[in-house]
Amino acid sequence: RLHVAGVPVDWSAYFSAARPRRVDLPTYAFQTQRYWLESTGAAVDAAGLGLEDTGHPLLGAAVTVAGSEETLFTSRLSLHTHPWLAHHAVQDTPVLSAGSLVELLIRAGDELGAAVLDELTLRAPLPLPTTGAVQLQVRAGEPDESGRRALTVHARRETPGAQWALYADGVFRTGGGVPDTTSGEPRNADGTDVALPEELALQADAFGLHPALLDTVLLGHPFSAPMDGVLVPVVWSGVRLHATGATAVRVQLAETGENTVAVHLTDTTGRPVLSVDSVQFEEIGFEAFAAPEAGAAEQDAPVRPARPTARPATVPAESLAQRIDGLDAQARRRTVLELVRTEVAAVLGHADVHTVEPDRAFQELGFDSLTAVDLRNRLGTASGVRLPATLVFDHPTPAELSAYLLSQVEATGVGGSVLDELDRIESAVAEISQDEEARTAVSARLQDLLARLGTTGRGTGAPDEPEGELAERIESASTEDLFALIDSQLGGDPVS
């Protein structure tokens, strides 16, 4: 205390009893013994874990599945690592926005060499927990001959026992280019300017198109919001990114259908940034956006039923018309029904065609508008017949649909084409349009032919049937009947 207070101290006298002496000290300040925890050398980055880092803020890492051309992308999303995700919320529940999902899928497509997000359907909203994180998986299937890859998006809470649930599915494809954006009526011919907030603009270079910018664009849709829910951009078609890192865009939204718009974004110089052929909005009730409690099981089923992964349609080496040519009526019906059941099973993802009951309604089998169109396309490819988009709804069971398909194939493919003959007749009639006498004679013969098609017998001259029954009889007439009538009524020298 005296020394600290400034009183001089005689240190020699103080240490005389201890016999002090000088000793050598090390020339460096540290000993060779270490007390730090040694590294085990285990890597925690994507490459060290056998994955490929995508370099994208939302997509995470990728790995090619061994023994296939499938690719799996994995990611982890939380409001702690991505605080701007909280800006998209429904009734105070943060939800992964459609713009965020589209952006990360565009980046996944880039990794695969697929320039177009050809189809995307959001199956359910994905709430984000205020604490903790969500694990995300994007699975891209093997490419088919045309370069299309089926994709699925699954997610689960990062809690013990959480189950994976499907939140979106769709298709990648190669190719691209700027689509025709002149169809539809733009809401604003000059476009509307939209820009990122300054704090988010600094992140724009890390994204293809910052999700917050795309979400803001979609808020400009012209449709009325429901009272007990929100309009969500659920179904996307033909998404192409033309330029990256935009902080501001000029927007044109063109109404193309009920609750459907085409999107075209350009920069300030008019160069394309993003184009979407079609975005369909659907009403989702508020209850679908409720976030589950921590540790709770995921929802049992998505808001929209999942589209099964269908086997790709193939073009048959032999046309359906050739397959049934020469068969009796019963064998024809059986062959066409078997084709329909096979394609229905493929669309629904069933391995066994016998699970498709011929007289069970498509709605009961699990069809929706997407699978209905898929079936129409597959049957059109397999039969070579152009079929209406309402095929499944007009003919609601496999048995009824196969009967309709058989009638179309018989009318256009077996033993020649009735429509080709009618085209020839139409051309011949056009050549006599200026000859009043010939036109009158041909008109009378065609009316007589139409009347004979509506009779109960072939050429019996029975009374005309009502118009509805006549149309039905024409539709159900066999090819042989139609050709016989044409030959009998339009035979002889060609009209000139």
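Please read these numbers as outputs of a predicted model, since none were measured by experiment. (Residues numbered from 1 in each chain as written. Predicted model: local features only at pLDDT ≥ 70, side-chain atom pairs only at ≥ 80, totals over all residues. Heavy atoms only, no water.)

Draft legend 1. Broad picture of the overall build of the chain. Across its full length, the chain carries 14 helices and 15 strands. The 496 residues of the chain split such that 40% are buried. Considering only contacts in the chain between residues 6 or more positions apart, those separated by 24 or more positions represent 65%. Per element, the accessible surface of the chain, about 28,500 Å² overall, is 51% carbon and sulfur. (Helix = DSSP H or I, 4+ residues; strand = E, 2+ residues; numbered from the N terminus. Buried < 20%, exposed > 50% of the residue type's maximum accessible area, 1.4 Å probe, protein only. Contact = heavy atoms within 4.5 Å. Areas by Shrake-Rupley, 256 points an atom, 1.4 Å probe, with all protein chains shown as cover.)

Draft legend 2. Seen up close, the packing of helix α2 (residues 98-112) against helix α4 (residues 211-218). Between α2 and α4, the shortest axis-to-axis distance is 8 Å and the interhelical angle comes to 130 degrees. Accordingly, the angle class assigned to the pair α2 and α4 is oblique. With respect to the hand of their crossing, α2 and α4 are arranged in right-handed fashion. Residues Ala-98, Gly-99, Ser-100, Val-102 and Glu-103 of α2 touch α4, and the partners they reach there are Pro-211, Leu-214 and Asp-215. Residues that form the contact of α2 with α4 fall into these classes: four nonpolar, two polar and two charged. (Axes fitted to C-alpha atoms, helices over the stretch in contact; angles between N-to-C directions. Parallel < 35°, antiparallel > 145°, perpendicular 65-115°, else oblique. Left-handed = near helix turned anticlockwise from the far one by under 90°. Nonpolar A, V, L, I, M, F, W, Y, C, P; charged D, E, K, R; others polar.)

Draft legend 3. Structural view of the side chain of Ser-100. In this fold, Ser-100 is placed in helix α2. On the basis of relative accessibility, which here comes to 1%, the residue Ser-100 falls in the buried class. When neighbours within four sequence positions are excluded, Ser-100 is seen to be in contact with Leu-58, Trp-84, Leu-85, Pro-211 and Asp-215.

Draft legend 4. Quick peek at the side chain of His-210. One can find His-210 in the loop between α3 (198-201) and α4. His-210 sits in the buried class, given a relative accessible area of 0%. Within polar-contact distance, the side chain of His-210 engages the backbone nitrogen of Ala-212 at 3.1 Å. Other than its neighbours up to four places away in sequence, His-210 contacts Trp-84, Leu-196, Leu-200 and Gln-203. (Polar contact = N/O pair within 3.5 Å; in protein donor to acceptor, adjacent residues only side chain to side chain.)

Draft legend 5. Summary view of α4. Buried residues dominate α4, accounting for seven of its eight residues. If you check which residues of α4 are buried, you get Pro-211, Ala-212, Leu-213, Leu-214, Asp-215, Val-217 and Leu-218.

Draft legend 6. Seen up close, the confidence of the model for the chain. With 71% of its residues at a pLDDT of 70 or more, the chain shows a mean pLDDT of 77. For the stretch residues 456-465, pLDDT sits under 50, and the model shows 17 contacts to residues farther than four places along the chain or on other chains. Contacts of residues 489-496 to residues separated by more than four positions or lying in other chains number twelve contacts, the stretch itself having pLDDT below 50. (pLDDT = per-residue confidence, 0-100.)

Draft legend 7. Layout of unusual backbone geometry. The residue Gln-91 is not glycine, and still its phi comes out positive at about 50 degrees. Structurally, the position occupied by Gln-91 is in the loop between β4 (89-90) and β5 (93-94). Accessibility expressed as a relative area gives 56% for Gln-91, which makes it exposed.

Draft legend 8. Quick peek at a nonpolar patch on the surface. A cluster of nonpolar side chains, namely Val-9, Trp-11, Tyr-14 and Phe-15, defines an oily patch on the protein surface of about 410 Å² accessible area. Along the chain, the position of Trp-11 falls in helix α1 (residues 11-15). (Patch = residues over 30% accessible without salt bridge, like charges linked within 9 Å, V, L, I, M, F, W, Y side chains within 5 Å. Salt bridge = Lys/Arg side-chain N within 4 Å of Asp/Glu carboxyl O.)

Draft legend 9. Main features of the nonpolar core. Core analysis: the largest hydrophobic core is formed by 70 residues, its most contacted members being Leu-105, Leu-120, Phe-172, Trp-236, Val-249, Leu-265 and Leu-274. Looking at this core element by element, the count peaks at eight residues for α2. Val-347, Val-356, Phe-367 and Leu-406 belong to the second-largest nonpolar core, a separate cluster that totals 27 residues. (Core = buried A, V, L, I, M, F, W, Y, C linked by side-chain atoms within 4.5 Å.)

Draft legend 10. Region of the structure containing the pairing of strand β9 (residues 165-173). Most of β9 is tucked away: eight of the nine residues are buried. Inspection of the sheet shows strand β6 (residues 116-122) paired to β9 by six bridges, in the antiparallel sense. Residue pairing in the sheet places Thr-121 in a bridge with Asp-169 of β9. Note that strand β8 (residues 149-157) and β9 share seven bridges and pair antiparallel. Bridge pairing in β9 places Arg-149 opposite Phe-172. (Pairing = 2+ DSSP bridges.)

Draft legend 11. Representation of α2. The end-to-end C-alpha separation of α2 is 21 Å, in line with the 21 Å expected for 15 residues at 1.5 Å each. Among the 15 residues in α2, twelve count as buried, and that is most of the element. Listed in full, the buried residues belonging to α2 are Ala-98, Gly-99, Ser-100, Leu-101, Val-102, Glu-103, Leu-104, Leu-105, Ile-106, Ala-108, Gly-109 and Leu-112. Following α2 by one or two positions, Gly-113 adopts a phi angle in the positive range, close to 75 degrees. (Expected span 1.5 Å × (residues − 1).)

Draft legend 12. How the structure looks around the packing of aromatic side chains. Under the criterion given, the structure shown has three aromatic pairs. Consider the rings of Trp-84 and Phe-207, whose centres lie 5.7 Å apart with planes at 85 degrees: the pair is edge-to-face. Of this pair, Trp-84 sits in the loop between β3 (71-77) and β4 while Phe-207 is found in the loop between α3 and α4, placing the two residues 123 residues apart along the sequence. For Trp-84, a relative accessible area of 11% translates into the label buried. (Phe/Tyr/Trp six-rings, centres within 6.5 Å; stacked < 30°, edge-to-face > 60°.)

Draft legend 13. Region of the structure containing the pattern of salt bridges. Counting across every chain of the model gives 13 salt bridges. We note a salt bridge from Arg-148 to Asp-118, for which the minimum N-O separation is 2.6 Å. A residue pair is termed long-range when its members are at least 10 positions apart, and Arg-148 in the loop between β7 (134-140) and β8 and Asp-118 in strand β6 qualify at 30 residues. In this structure, Arg-271 engages Asp-267 in a salt bridge whose closest nitrogen and oxygen atoms are separated by 3.2 Å. Assessed through its relative accessible area of 55%, Arg-271 is described here as exposed.

Draft legend 14. Representation of the pairing of β3 within the structure. Burial of β3 is extensive: five of the seven residues sit out of reach of the surface. Relative to β3, strand β2 (residues 61-64) is paired through four bridges, and the arrangement is antiparallel. Paired with Thr-64 across the two strands is Thr-71, which belongs to β3. Hairpin connection between β2 and β3: a loop of six residues separates the two successive antiparallel strands, and Gly-67 in this loop has a positive phi of roughly 80 degrees. As paired strands, β3 and β7 are joined by seven bridges and run antiparallel to one another. Across the sheet, residue Arg-76 finds its bridge partner in β7, namely Gln-135.

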